Amino acid sequence: QVQLVESGGGLVQAGGSLRLSCAASGIIFRVYTMGWYRQAPGKQRELVASITSDGSTGYADSVKGRFTISRDNAKNTVDLQMSSLKPEDTAVYYCRADVGRLPPYWGQGTQVTVSS
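Here's what I pulled together on the structure shown here.

Further remarks concern the overall build of the chain. Each helix and strand counted, the chain has zero helices and eleven strands in total. When its helices and strands are written in sequence order, the chain yields β-β-β-β-β-β-β-β-β-β-β. Taken over the C-alpha trace, the chain has a radius of gyration of 13 Å; the compact-globule value for 116 residues is 13 Å, and the two agree within 12%. The principal-axis extent of the C-alpha atoms belonging to the chain is close to 40 × 25 × 20 Å.

This is the structure:
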């Protein structure tokens, strides 16, 4: 059974930092592209950052220079280091795993709240 379990969310003041982690099980982790998405109330879910199986990364313009995605294939984890957080970063953050044309796997989400 595939599981993606996010952790590390919470409440932080603007300008602060948080580190999210996603632990994957039930998949051959190293071949998957891993991504972090977020969904704010009343808004569509959006891609925040992604990292391919070979380590190539991509970021939404809104988080470039502030967020860093990384993966550890030995531990089957993907992390999102978030710095200089802004109130507009408040959202539920989701981990996603993709490979080829197969349907993606999603985690259950973790809440990040940034207070002004």
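Okay, the packing of aromatic side chains next. The geometry of an aromatic ring pair is captured by two quantities: the separation of the ring centres and the angle between the planes. Counted according to the given criterion, the structure contains three aromatic pairs. Ring geometry for Tyr32 versus Tyr105: centroids 6.4 Å apart, planes at 45 degrees, classification tilted. On the criterion of sequence distance, the pair formed by Tyr32 in the loop between strand E3 (18-25) and strand E4 (33-39) and Tyr105 in strand E10 (residues 105-106) is long-range, its members being 73 residues apart. Judged by its relative accessible area of 8%, Tyr32 falls in the buried class. Judged by relative accessible area, Tyr105 falls into the partly exposed class, the value being 33%. Between the aromatic rings of Tyr37 and Trp106, the centroid separation amounts to 5.0 Å while the plane-to-plane angle is 70 degrees, which identifies the pairing as edge-to-face. Here Tyr37, found in strand E4, pairs with Trp106, found in strand E10; they are 69 residues apart in sequence, far enough to count as distant. Taking the relative accessible area as the measure of exposure, Trp106 reaches 32% and is therefore partly exposed. Taken together, the ring pairs in this structure connect Tyr37, Tyr94 and Trp106 into an aromatic cluster.

Okay, the sheet that holds strand E1 (residues 3-7) next. Strand pairs in the sheet, formed through backbone hydrogen bonds, run parallel or antiparallel to each other. With antiparallel pairing, the four strands of this open sheet are ordered in space as E1-E3-E8-E7. The open sheet has two free edges, formed respectively by E1 and strand E7 (67-72), since each of these has just one partner strand. Looking at each pair of strands side by side, their axes are set apart by 15 degrees on average, direction ignored. Judged from the six bridges that link them, E3 and strand E8 (residues 77-82) form a sheet pairing that is antiparallel. Within E8, the residue paired with Leu20 across the bridge is Leu80.

This part is about the state of the cysteines. Going through the model one piece at a time under the given rule, you end up with one disulfide. Covalently, Cys22 is tied to Cys95 through a disulfide, its sulfur atoms 2.2 Å apart. Across the S-S bond of Cys22 and Cys95 the torsion is about -80 degrees, and the bridge reads as left-handed. Of this pair, Cys22 sits in strand E3 while Cys95 is found in strand E9 (residues 91-98), placing the two residues 73 residues apart along the sequence. For the pair shown, Cys22 and Cys95 are each scored as buried.

In total, this model carries six salt bridges according to the counting rule given. The shortest N-O distance in the salt bridge between Asp98 and Arg96 comes to 2.6 Å. For Asp98, a relative accessible area of 21% puts it in the partly exposed group. Through salt bridges with shared partners, a single ionic network connects Arg38, Glu46, Arg66 and Asp89.

Rules used in this analysis
Residues numbered from 1 in each chain as written. Predicted model: local features only at pLDDT ≥ 70, side-chain atom pairs only at ≥ 80, totals over all residues. Heavy atoms only, no water. Helix = DSSP H or I, 4+ residues; strand = E, 2+ residues; numbered from the N terminus. Rg over C-alpha atoms; globule rule 2.2 N^0.38 Å. Phe/Tyr/Trp six-rings, centres within 6.5 Å; stacked < 30°, edge-to-face > 60°. Buried < 20%, exposed > 50% of the residue type's maximum accessible area, 1.4 Å probe, protein only. Pairing = 2+ DSSP bridges. Axes fitted to C-alpha atoms, helices over the stretch in contact; angles between N-to-C directions. Disulfide = S-S within 2.5 Å. Salt bridge = Lys/Arg side-chain N within 4 Å of Asp/Glu carboxyl O.

The quantities given are spatial measurements derived from coordinates; they are silent on function.
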